[in-house]
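# Results of the structural survey
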Amino acid sequence: MSPTHCRFEVTSKDKILLMDADSQNGTFLRVQDRAKMLSGDRFRIGRQLLQFFSIKDFEAFEEISPEESTKFWGSSDKGLWGRIVRIYENNMQGESILLTKSSLQFGREVGDLTFPYDGYVSGSHARVELQNGEFYLRDLGSSNGTFISIRRPIRLQSGELMLIGQKLVRIEVL
């Protein structure tokens with residue numbers, strides 16, 4: 001947790017905003033059903049920290065030469081719409097999974113990407129989806145939840161859960 005990690009701002013009797021204070025590791029909000037994702041968004045499932053990147057960020061890269069068909073990331077981009085990168089301690093990037101199907105599922109037992117040794121990941125936990133040109137993170141009814149980083153102030157509802165550092169916090173409006 002950063003010394004000043006996030007801020008809560010009460011703007012009216014029932015309106016509370018959550019803002020990340022440029023924390024080192026981010027502030028995460030639990031995904032209720034699905035959440036829209038933007039390129040660069042980080043999300044947590046179990047103890048895993050993952051980051052999503054859209055291929056749109058790299059469309060400006062041209063082919064190396066007219067004779068070659070190699071593009072950025074070393075593969076033809078036919079059907080490629082993004083990638084997921086696993087993030088380790090000290091923001092070290094780990095393995096990278098290219099997204100070519102309309103969705104990528106995560107779980108401990110079932111999925112395109114599994115984490116069999118993470119007891120906080122449900123058997124079938126979450127999915128990243130492409131729908132009508134938009135990107136979504138969907139929780140599949142996991143026991144411990146799926147959390148997405150916040151980039152802007154978020155209005156909180158009573159009962160919502162967030163991760164602040166390693167702490168799970170629930171907001172209750174009285």
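This is a predicted model, so every value here is computed, not measured.

Where side chains of opposite charge bring their charged atoms close, a pairing between them can arise. Inspection of every chain in the model, using the stated rule, returns 10 salt bridges. Among the salt bridges present, the one from R127 reaches E129, with a minimum N-O distance of 2.8 Å. Overall, E129 belongs to the buried group, its relative accessible area being 5%. Note that E172 and R170 form a salt bridge whose closest N and O atoms lie 3.9 Å from each other. A cluster of three or more residues bridged by salt bridges with shared partners is formed by D33, R127, E129 and R138.

Let us now look at the side chain of Q105. In this fold, Q105 is placed in strand 9 (residues 103-107). Given a relative accessible area of 17%, Q105 falls into the buried group.

A few words on the side chain of R42. Along the chain, the position of R42 falls in strand 5 (residues 42-45). Buried and unpaired, R42 has D41 as its nearest opposite-charge partner, separated by 8.9 Å. At a separation of 2.7 Å, a polar atom in the side chain of R42 contacts the side chain of N91. Contacts of R42, omitting those with residues within four sequence positions, involve F28, L49, L50, Q51, I87, N91, F147, I148 and S149.

Here the focus is the packing of aromatic side chains. This structure, assessed with the given rule, holds four aromatic pairs. Geometrically, the ring pair formed by F52 and F135 is tilted, given 5.0 Å between the ring centres and 50° between the ring planes. Of this pair, F52 sits in strand 6 (residues 48-54) while F135 is found in strand 12 (residues 134-139), placing the two residues 83 residues apart along the sequence. Judged by relative accessible area, F52 falls into the buried class, the value being 0%. Here F135 falls in the buried class, since its relative accessible area comes to 9%.

Secondary-structure assignment places S54 in strand 6. Note: C-alpha distance between S54 and W81 (27 residues apart in sequence) is 6.0 Å. If sequence neighbours within four positions are ignored, S54 has contacts with S39, W81, G82 and F135.

A few words now on unusual backbone geometry. Backbone geometry at N90 places phi at a positive 60°, although glycine is not the residue there. If you trace the backbone, N90 turns up in the loop between strand 7 (82-87) and strand 8 (93-99). Classification of N90 as exposed rests on a relative accessible area of 71%. For N132, which is not glycine, the phi torsion reads 50° and is therefore positive. Here N132 lies in the loop between strand 11 (126-131) and strand 12.

The pairing of strand 7 with strand 8 spans five bridges and is classified as antiparallel. Bridge pairing in strand 8 links G82 to L99.

Criteria and cut-off values
- Residues numbered from 1 in each chain as written.
- Predicted model: local features only at pLDDT ≥ 70, side-chain atom pairs only at ≥ 80, totals over all residues.
- Heavy atoms only, no water.
- Salt bridge = Lys/Arg side-chain N within 4 Å of Asp/Glu carboxyl O.
- Buried < 20%, exposed > 50% of the residue type's maximum accessible area, 1.4 Å probe, protein only.
- Helix = DSSP H or I, 4+ residues; strand = E, 2+ residues; numbered from the N terminus.
- Lys, Arg positive; Asp, Glu negative; His and termini not counted.
- Polar contact = N/O pair within 3.5 Å; in protein donor to acceptor, adjacent residues only side chain to side chain.
- Contact = heavy atoms within 4.5 Å.
- Phe/Tyr/Trp six-rings, centres within 6.5 Å; stacked < 30°, edge-to-face > 60°.
- Pairing = 2+ DSSP bridges.

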